Amino acid sequence: SYALVLIDVDHFKAINDTFSHQTGDRILREVAATLRAHCRAGDIAVRLGGDEFALFLRTDPAGAAQVAERIREVLAAHDWKEFGADQRVTLSIGVAQCARGMDGATLYDRADQQLYNAKRRGRDQVSV
């Protein structure tokens, strides 16, 4: 059983505009490190570009949602002052299950729809 987790840093353009692109880059590196820290053997974490990341996890949707929620909580609670950003950094996260016979584009579209749902409902949350 596999799940795709799509992750967006909420209001990332405002972080860059307010604190600098250098600070934004440091925040993205910290997000990436946090994602890698929550992956197990066989899991894959990648940066899709900009402030978008993906996790491909060997688990069911409930397990993927637990991992995603832990990551969201860790980053929301992080002290960003050392990075020059005196604010919370939050994530919107979408989770989709890879069903038998499903192609990659369909899996991505389903996870992206859940990501959109998380943003539409106010960001800083996981949608499965």
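Quick notes on the rules
Residues numbered from 1 in each chain as written. Predicted model: local features only at pLDDT ≥ 70, side-chain atom pairs only at ≥ 80, totals over all residues. Heavy atoms only, no water. Helix = DSSP H or I, 4+ residues; strand = E, 2+ residues; numbered from the N terminus. Buried < 20%, exposed > 50% of the residue type's maximum accessible area, 1.4 Å probe, protein only. Polar contact = N/O pair within 3.5 Å; in protein donor to acceptor, adjacent residues only side chain to side chain. Lys, Arg positive; Asp, Glu negative; His and termini not counted. Salt bridge = Lys/Arg side-chain N within 4 Å of Asp/Glu carboxyl O. Contact = heavy atoms within 4.5 Å. Core = buried A, V, L, I, M, F, W, Y, C linked by side-chain atoms within 4.5 Å.

Caption draft 1: Spotlight on the environment of Thr-106. When you line up the elements, Thr-106 lands in helix α4 (residues 104-120). For Thr-106, a relative accessible area of 29% puts it in the partly exposed group. Along the sequence, Thr-106 and Ala-96 sit 10 residues apart, while their C-alpha atoms lie 9.8 Å from each other. At a separation of 2.6 Å, a polar atom in the side chain of Thr-106 contacts the side chain of Asp-103.

Caption draft 2: Examining the side chain of Asp-51 more closely. By the secondary structure assignment, Asp-51 is in the loop between β2 (44-49) and β3 (52-57). Although buried, Asp-51 forms no salt bridge, and the nearest oppositely charged side chain, Lys-119, lies 5.8 Å from it. Among residues more than four places away in sequence, those in contact with Asp-51 are Ile-7, Asp-8, Val-9, Phe-12 and Leu-28.

Caption draft 3: Region of the structure containing unusual backbone geometry. Unlike most non-glycine residues, His-11 shows phi in positive territory, near 55°. Locating His-11 in the fold gives a position in the loop between β1 (2-9) and α1 (12-19). You will see that Ser-20, though not glycine, has its phi angle at about 115°, which is positive. Examined against the element boundaries, Ser-20 turns out to sit in the loop between α1 and α2 (21-37).

Caption draft 4: Structural detail: the nonpolar core. Ranked by internal contacts, the top residues of the largest apolar core, which has 27 residues, are Val-5, Ile-7, Val-9, Ile-27, Phe-53, Ile-93 and Val-95. Put simply, the parts of the chain that give this core at least two residues each are β1, α1, α2, β3, α3 (61-77) and β4 (91-98). In contact with Val-95, other than residues within four places in its own chain, are Ala-3, Leu-4, Val-5, Pro-61, Ala-64, Ala-65, Ala-68, Gln-114, Val-126, Ser-127 and Val-128. Of all hydrophobic cores here, the second largest spans eight residues; its members include Ala-96, Leu-107, Ala-111 and Leu-115.

Caption draft 5: Representation of the pattern of salt bridges in the model. Scanning the model with the defined rule gives seven salt bridges in all. Here Lys-119 makes a salt bridge to Asp-8, at a shortest N to O gap of 2.5 Å. One end of the pair, Lys-119, is in helix α4; the other, Asp-8, is in strand β1, with 111 residues separating them in the sequence. Among the residues examined, Lys-119 registers a relative accessible area of 26% and is labelled partly exposed. In this structure, Arg-72 and Glu-69 form a salt bridge, with 2.5 Å as the shortest nitrogen-oxygen distance. Residue Arg-72 and its partner Glu-69 are both found in helix α3; the two are separated by three residues, about one turn of the helix. The class of Glu-69 is partly exposed, set by a relative accessible area of 24%. Residues participating in the shared-partner salt-bridge network are Glu-69, Arg-72, Arg-88 and Asp-124.

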